[in-house]
Amino acid sequence: MKKHSIQISEISEMLGIPFIGANVYIEGLNLCNRESRYNSILSYIASTRCLGLLKNNESVKALFVSSDVYDELKMGGLFQIPTLFIVENPEVSFYYLHHLLHKTIFYEKYDFKSEIGNDCSIHKTAVIEDGVILGDGVQIGANSVIKKGTIIGNKTVVGCCSVIGSEGFQLIYDEQHIPFTVTHVGGTVIGKNVFIGDNCTICNSLFEGYVTIGDNTKIDNQVHVGHNCVIGKNVVITGNSLLMGSVEIKDNVWISPCSTISNKCIISNNAFVGSNSLVVNNVREDMRVCGNPAIPVNEYFRILINQKKNIKRKK
């Protein structure tokens, strides 16, 4: 086994599970619905409803599948996947393999001595773990923790009691329906001239790559950015807002206080999200939304006006 490379036969031996197909090399693990920087990844499909995801992801070279999915693949002639593991619970087997590989050299360990740029101001109570790169003029406040696998650009400020590169939250249920959390092995990249306030948590990514925050973005106090999020440039995220996993925020977006952006939602350039909003759908460029669930602002106020009119009529 090498870093970012393992042969299917090695996986088969680790798990005690036979495989069908080619003994290919795997460079990484990832989900079917995510882009990969690797040409050969192993993933899983839990049901036949997910088969469509394979059409848009040429990186998938091996899969954990159930017997039902395997039968569907045979019936449909969809044998473009070189290698298959047939298991009872594909999701559990996939994450169990991830757990085993985390103990090996397969994943990046970020075990190098941290590199700190010139003119940095780091409070004596702050913790900078090994495997961190700080640019010039970075400021880190009291009791903040910068975890391994984090890269922070020049002139970025991190306030007090914040955690950069914190463990993301991915919950899986095993065969006994007991929940367990999945270790995250990716990193976190913060751009230049970024401001991150007090009591914020910026997670790392689940598998490969980085959670990313673009240049000049400003993040208020008590904001949580979940795993696999990508935030663009010149974004403003105000206090007590929550970005769940795999959210993408484009450039020049404003997110008002106490807003929640649901998993995998995309907020396009120059969009505005009003206070206390729950975003469950993608937001188009230049669009202004608010409410729970969030809808266009004009539509939201039209509904409020009609509600008030109805109340007056009833009186």
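In case you missed it, the structure is sitting above this.
None of the values given here were measured: they were computed from a predicted structure.

Chemist: Teacher, can you tell me more about the sheet that holds strand β7 (residues 83–86) here?
Modeler: Consider a sheet: its strands pair through backbone hydrogen bonds, and that pairing is either parallel or antiparallel. Across the sheet, which stays open at both edges, the five strands sit in the order β2-β7-β6-β5-β4 with mixed pairing between neighbours. Lying at the two open borders of the sheet, with one neighbouring strand each, are β2 (20–21) and β4 (28–29). Taken together, the four bridges between strand β6 (residues 60–65) and β7 define a ladder with parallel strand orientation. What sits directly across from Phe-64, in β7, is Phe-85. Relative to β7, helix α1 (residues 8–15) is tilted by about 10°, and along the sheet it contacts β5 (41–45), β6 and β7. Sheet strands in contact with helix α3 (residues 90–102) are β4, β5 and β6, and its direction is about 150° off that of β5.

Chemist: Mind showing me how you'd approach unusual backbone geometry here?
Modeler: Generally, phi is negative for residues other than glycine and the peptide bonds are trans, each holding for most cases. Of the consecutive residues Asn-292 and Pro-293, the connecting peptide bond is found in the cis state with omega at -5°. In this fold, Pro-293 is placed in the loop between β34 (288–290) and β35 (295–296). A positive phi angle, near 55°, is found at Asn-193, a position not held by glycine. Locating Asn-193 in the fold gives a position in the loop between β19 (187–190) and β20 (195–196). Here Asn-193 falls in the partly exposed class, since its relative accessible area comes to 34%. Residue Asn-240 is not a glycine yet carries a positive backbone phi of 65°.

Procedures and definitions
Residues numbered from 1 in each chain as written. Predicted model: local features only at pLDDT ≥ 70, side-chain atom pairs only at ≥ 80, totals over all residues. Heavy atoms only, no water. Pairing = 2+ DSSP bridges. Helix = DSSP H or I, 4+ residues; strand = E, 2+ residues; numbered from the N terminus. Contact = heavy atoms within 4.5 Å. Axes fitted to C-alpha atoms, helices over the stretch in contact; angles between N-to-C directions. Buried < 20%, exposed > 50% of the residue type's maximum accessible area, 1.4 Å probe, protein only.

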